[in-house]
Amino acid sequence: MSDNGYKSGSNLEKIFAMGEFAVTGECGPPKGSDVSVVKKKAEHLKGYVDAVNVTDNQTAIVRMSSIAASKILLDMGLEPVMQMTCRDRNRIAIQSDVFGASALGIKNMLCLSGDHQKFGNHPGAKNVYCLDSIQLINTIKTLRDEGKVMCGDEVEGETKMFIGAAANPFGDPFEFRVSRLAKKVEAGVDFIQTQCIYNMDKFKRWMKEVVDRGLHEKCKIMAGITPLKSLGMARYMAKNVSGIEVPEEIIARMKAAPKGKKAEEGIKIAVEQIQEVREMEGVAGVHLMAIEWEAKVPEIIKAAGLYPRPSPSA
Amino acid sequence: MIIGDLKNTDEILDSIDDAKKVLVMGCRGCVTICQVGGEKEVALLASQLRIGDKARGRNREIIELTIERQCDAEFIEPILGKVKEVDKVLSLACGIGVQYVSDLGLPTPVVPGINTTFLGVNLDTGLWKERCQACGDCVLEITGGICPIARCSKSLLNGPCGGSADGKCEIDPDVECAWQLIHDRLKALGKLENIERVIPARSWATSRDGGPRTRIREDLRSISREEG
Amino acid sequence: MRLSYPTNVKIVRVPCSGRVNTIHLLKTIEEGADGVYVAGCLEGDCHFMEGNLRAKVRVEHARELIAQMGINPDRIRMYNMAASDGPRFAQVATEMTEHIRQLGPSPLYTGSGPEWPKQQDPKEQIEDNNPKPKAAAG
């Protein structure tokens, strides 16, 4: 390791190193090469988050590549967290793309299994899953720390990545969820972003086990927050998005909010959630996924008392 | 067992349209057991084709024959004469049988009447499910006898992914999450430690990804040469 | 009870309608019958538990198979009746005969059988370049 002991020297890594409560945002690239879409979303986030996740063909819908969109963010002065799924690439393409990303200056990545293509716009696609997300973490760690590709060949130059992964405290079997996180830690993950949290009680139970097993000391846990735009969205998330639980009380709150004030209520809930997770032991940051609602991020971050963002000295 | 599904009628009709004499050929192996390509199904399809031909005033001969196994020279050799007699063989065997008969070097084209769908098990009358992908490197010993390669939609070796809910896979509420099954089975066996540690990336070279596979048993080959 | 029913109905006796297989139904059509029906016991009254229910499924299958060939599936039917109900048997035989008369001769008919009225079921306009001789011509 070089650069004052940093693994990647990314802004996100430094924020954690400073002991600050980190904030990441999210940017879904356009379904085409329209750069303005990326720029517009990024402008909303600039200055309000420490890094921005750039999704990788999320829900298996073809979009601008995560690497390219990440580079656009870099050029705008934002730090990307390049997402990478195991769905579309084999180990050759994955390692190659990571070299490319690193060469372009991308320093954070998120290792994901990826949504099955059945839900996307190309359900007849062939999936890959040459590696799974845990093996991907380990592959990147080996590239970075040992300077070797999977087969053992030496890597030319350094591949400095701050390695992230996702965790879903609401997936089943619940009792194995923390064990799976432990496997990600064993594989070498540096930070975790969780699935959107609405069921705070369940998240607390999960977090307690994480802390009991000391996993929060081995990787940084960021709680996933997605503000609800409407009652319809709350119901949709509850019903249709696998691995997301929206408790009745949240739906009731959205329902009770007067017409025209639903979005406001959604933001209020999100701010409360951020404040609540911030108090929890082991939570090192929030991952704010304002899906197609990036314009509201500044408001939420300010209301949660997380603005201005600290700027680590290089 | 190899599971198959009858092709749709139009596709079958198209594939034999240019033939004046067709042999509908069944197999008494897997496709008989899964009721798609045995003697009974051959009779039904042949009769159906004759009905269609007669209704169109088409004078075409459709003959029927079901042999023990279409993937075995021993059973095919005796019927080669019959194959030569026809313009086309419509095989209701799996893709292996279709190819075996095609590869005999006869001038008669062999077309498939079924789609070979998967390697699976018959769970109930009329219900089959996939169980194996013949990936060439079995992990059932670790996973409590439940295959994550064939039964997890993403073939994950370190599942379950975040899409597992109430024991079901994210792709379909009728598909069981293989990793929930693995977890529950290992728990019952007191072997959860099998999946507590990271299972490293595997080589797919033993699977189809390594190219078409060949298996050679020198011991058997040398015996056959001695006998031969 | 001396009941009359149409003489063109040929009876194939089976121990139970469950003995009837899809292939038997197809064969009748293939051999040139204009229609075929299975007379099974009333549902719930099968001596062999569910023979008539099996027959029902097979009738449905046979209907699908001939429909795929452009034959009106209604040339194959299933009727249920009590074994002791002679009048119902005669009534069904008459009904089926009338029904088939309405449909006209089977498109497989080669013109060498009994005379048919000049009509053809519009659903069975089989598309082909060399149509077989119509019943009326034969």
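Residues numbered from 1 in each chain as written. Chains lettered and ligands numbered in written order. Predicted model: local features only at pLDDT ≥ 70, side-chain atom pairs only at ≥ 80, totals over all residues. Heavy atoms only, no water.

Caption draft 1: Structural context of the interface of chain C and chain B. Contacts between the two partners involve 21 residues from chain C, matched on the other side by 15 residues from chain B. Between chain C and chain B the total buried area reaches about 1,600 Å² when both faces are included, carbon and sulfur atoms providing 63% of it. Seen at the junction of chain C and chain B, the total is 1 salt bridge. Where Arg50 of chain B meets Glu30 of chain C, a salt bridge forms, and the shortest distance between an N and an O atom there is 3.2 Å. (Contact = heavy atoms within 4.5 Å. Buried area = accessible area lost by both parts, 1.4 Å probe. Salt bridge = Lys/Arg side-chain N within 4 Å of Asp/Glu carboxyl O.)

Caption draft 2: Focus on the packing of aromatic side chains. Under the definition given, this model contains 6 aromatic pairs over all chains. Note on Tyr48 of chain A and Tyr307 of chain A: the rings are 4.5 Å apart at their centroids and 20° apart in plane angle, and the pair reads as stacked. Here Tyr48 of chain A is found in the loop between helix 2 (35-45) and strand 2 (51-54), whereas its partner Tyr307 of chain A is found in the segment after helix 11 (297-303), with 259 residues between them in sequence. Every member of this aromatic cluster is reached through a ring pair, and the members are Phe16, Phe162 and Phe191 of chain A. Across the ring face of Tyr307 of chain A, the terminal group of Lys302 of chain A is positioned such that the distance to the ring centre comes to 5.6 Å. Sitting over the ring of Trp204 of chain B, Arg202 of chain B keeps its end group 4.1 Å from the ring centre. (Phe/Tyr/Trp six-rings, centres within 6.5 Å; stacked < 30°, edge-to-face > 60°. Helix = DSSP H or I, 4+ residues; strand = E, 2+ residues; numbered from the N terminus. Lys NZ or Arg CZ within 6 Å of the ring centre and 35° of its normal.)

Caption draft 3: View of the pattern of salt bridges. A full pass over the atoms with the stated rule returns 42 salt bridges over all chains. Note that Glu294 of chain A is salt-bridged to Lys41 of chain A, the shortest N-O span being 3.9 Å. With Glu294 of chain A in the loop between strand 8 (283-288) and helix 11 and Lys41 of chain A in helix 2, this pair connects stretches of sequence that are 253 residues apart. Here the two residues Glu294 of chain A and Lys41 of chain A agree in accessibility, since each one is buried. Between Arg63 of chain C and Asp74 of chain C there is a salt bridge, with its nearest N and O atoms 3.1 Å apart. Of this pair, Arg63 of chain C sits in helix 2 (residues 51-68) while Asp74 of chain C is found in the loop between helix 2 and strand 2 (76-80), placing the two residues 11 residues apart along the sequence. Connected via shared salt-bridge partners are Lys7, Lys141, Arg144, Asp145 and Asp190 of chain A. (Buried < 20%, exposed > 50% of the residue type's maximum accessible area, 1.4 Å probe, protein only.)

Caption draft 4: Main features of the arrangement of the chains. Contacts between protein chains span 2 pairs of chains, and they are most numerous for chains A and B. In this assembly chain A lies apart from chain C, the nearest approach of their C-alpha atoms being 27 Å.

Caption draft 5: Broad picture of the sheet that holds strand 6 (residues 114-124) of chain B. Residue and element names in this part refer to chain B. Overall, antiparallel pairing links the 3 strands, which are arranged 1-6-7 in an open sheet. Edge strands, defined here as strands with exactly one partner in the open sheet, are strand 1 (2-6) and strand 7 (127-132). Going across the sheet, the axis of each strand differs from the next one's by a mean of 70°, ignoring polarity. Two strands pair when backbone bridges link them, and strand 6 and strand 7 are joined in this way by 5 bridges, in the antiparallel orientation. Bridging from a neighbouring strand, Val121 pairs with Lys129 of strand 7. (Pairing = 2+ DSSP bridges. Axes fitted to C-alpha atoms, helices over the stretch in contact; angles between N-to-C directions.)

Caption draft 6: Local environment of the interface of chain A and chain B. Facing the 30 residues of chain A at the interface are 29 residues of chain B. Buried surface at the junction of chain A and chain B, summed over both partners, amounts to about 2,500 Å²; 49% is from carbon and sulfur atoms. Considering only the surface of chain A that becomes buried against chain B, Asp172, Phe176 and Lys183 of chain A emerge as the three largest contributors, covering 21% of it. Viewed at the interface, chain B and chain A are joined by 3 salt bridges. Close ionic contact of Lys118 of chain A with Asp172 of chain B constitutes a salt bridge, the shortest N to O distance being 3.8 Å. For the pair chain A and chain B, the interface holds 23 residue pairs in polar contact (both at pLDDT 80 or more). Among the elements that make up the side of chain A that touches chain B, the one with the highest residue count is helix 6 (residues 174-187) of chain A (8 residues). (Polar contact = N/O pair within 3.5 Å; in protein donor to acceptor, adjacent residues only side chain to side chain.)

Caption draft 7: Expanded view of the nonpolar core. One finds Ile140, Met161, Phe203, Trp206, Met207 and Val286 of chain A to be the most contacted residues of the largest nonpolar core, which totals 87 residues. Counting residues in each nonpolar core, the second largest holds 20 residues, with Cys27, Cys34, Ala46 and Val111 of chain B among its members. (Core = buried A, V, L, I, M, F, W, Y, C linked by side-chain atoms within 4.5 Å.)

Caption draft 8: Spatial organisation of the packing of helix 7 (residues 200-212) of chain A against helix 10 (residues 262-278) of chain A. All names here are of chain A. Relative orientation of the contacting elements helix 7 and helix 10 amounts to 20°, with a least axis distance of 12 Å. The pairing of helix 7 with helix 10 is recorded here as roughly parallel in orientation. In the packing of helix 7 onto helix 10, the handedness of the crossing is right-handed. Taking contact as the criterion, the partners of Met200, Phe203 and Lys204 in helix 7 are, on helix 10, Gln273, Glu276 and Val277. (Parallel < 35°, antiparallel > 145°, perpendicular 65-115°, else oblique. Left-handed = near helix turned anticlockwise from the far one by under 90°.)

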